[in-house]
Amino acid sequence: MLRRTGQFRRMFRRRPEKKRRKKSAYTIDWNWRAKQRKRKRIQRALLLVCVLAVAGIVTLVIRKSKNSTSEAEGEAAEKSVAAGTITSKIWTRDEEGEITSLVQRYYEALLTTDTDTLNSVLDASVTLDAAQAAEQGEFIEAYEDFVVYTADGAEKGEYAVYLSCSMQFVGIETSVPELMPAYVRTDEEGTLRLIPYSFGGTTYFDEEMNQCVTEAAAADDFLSTWQEEVQTAYDAALMEDEELNTFVAALEAAVAES
C-alpha cells in the first residue's frame, strides 16, 4: 500500500490533449515503479562506465598542485612505461601484497554481493548498501589484471593507494580499464581496511585523505603518466569494439533523457 502522497502523484500522468475525457484528465501509469527502478539502474551503470572521470578529476587536482611547486621540488623520477611498468620515487608497486589482496577481495565481493566479506574488508567509515552491490552484478561480469601502487598515508599504518584493473561488462567481449584512488588504514586490531574513493555516487574520502593522495601524486609524473595510459587504452577499447561503444553511448543517452 502506498504511504506517501508523493508516490500517489507519480502513479498519475496527464492524458495527451487528444485523449482527454471531460470527467478525467489523468490516467494511471501502472509501470511507474518499474520505470523508476530502471532509471536508477541505468544511472548507476553509467557511473561505472564513466569511472575514469573520477581519476580525471583527481589528475586535474594533481596537475594544479604540481604547477604551484618550484622546479626544484618538482624534479621527476625516471619513468619506464615499457610493458606497463612505471617507476616512482614516492609510489611503490604492491605486487601480490596485502593491499593488492585486499583490493581483489573487495571487487570479488562486489560481484557476488558478499556482504560478509565487504564488511570485513571495508573501513568502519564506509557504509555500502547491499542493493548497490547487487546492482553492480547486473552490468559487470569480471574484474581482472589488478595493478596496485601505494604511498605513505597521513598516519603510521595508513596508505594512499592507486589501482587499475580491467572491467568487463556482461555480454560484451572487450574489457575496459579503470583507474581509481583509494585509501587503506589499519584498525585497532591490526587489520588493513579499505576506503574506496567513491561508490554509487557516494564519496568516502575525507579532506585529510584527499590531501594525502594529492600531495603524493604531485611528487612526480607517475600518476599523470599512468592516467594518460589508462585513458588511451579506454578510448582504444571503445573504438575497436562497436558493441562496447554502442553500449556506452546508449547508457549516456538514457541518462541524458531521464
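Because the structure is a prediction, the values reported are computed rather than measured.

A. Here's a closer look at the nonpolar core. Ranked by size, the top nonpolar core spans 56 residues in total, and within it W91, Y106, Y107 and W226 carry the most contacts. With residues up to four places along the chain from it excluded, the contact list for Y106 reads L118, V121, L122, L128, L194, P196 and F199.

B. Layout of the pattern of salt bridges. With the rule as written, the count across this model stands at two salt bridges. Ionic pairing is found between R193 and D187, a salt bridge with its closest N-O pair at 3.1 Å.

C. Fine view of unusual backbone geometry. A positive phi angle, close to 55 degrees, is found at E96, a residue other than glycine. Here E96 shows up in the loop between β3 (92-93) and α4 (98-112). Here E96 falls in the exposed class, since its relative accessible area comes to 72%. Positive phi, normally seen in glycine, also occurs at T113, with a value near 50 degrees. Along the polypeptide, T113 turns up in the loop between α4 and α5 (115-121).

D. Region of the structure containing the pairing of strand β6 (residues 176-186). Within β6, nine of the 11 residues are buried, leaving the element largely enclosed by the surrounding structure. Examined bridge by bridge, strand β5 (residues 158-169) and β6 share 10 bridges and lie antiparallel to one another. Bridge assignment links C165 to a residue of β6, and that residue is E178. Counted along the chain from β5 to the antiparallel partner β6, the turn is six residues long, and its residue G171 has a positive phi close to 80 degrees. Of the pairings in the sheet, the one linking β6 to strand β7 (residues 192-196) comprises five bridges and is antiparallel in character. Within the sheet, the bridge partner assigned to Y183 lies in β7 and is I195. Counting the residues between successive antiparallel strands, the hairpin from β6 to β7 contains five residues, one of them, G190, with a positive phi of roughly 85 degrees.

Calculation rules
Residues numbered from 1 in each chain as written. Predicted model: local features only at pLDDT ≥ 70, side-chain atom pairs only at ≥ 80, totals over all residues. Heavy atoms only, no water. Core = buried A, V, L, I, M, F, W, Y, C linked by side-chain atoms within 4.5 Å. Buried < 20%, exposed > 50% of the residue type's maximum accessible area, 1.4 Å probe, protein only. Contact = heavy atoms within 4.5 Å. Salt bridge = Lys/Arg side-chain N within 4 Å of Asp/Glu carboxyl O. Helix = DSSP H or I, 4+ residues; strand = E, 2+ residues; numbered from the N terminus. Pairing = 2+ DSSP bridges.

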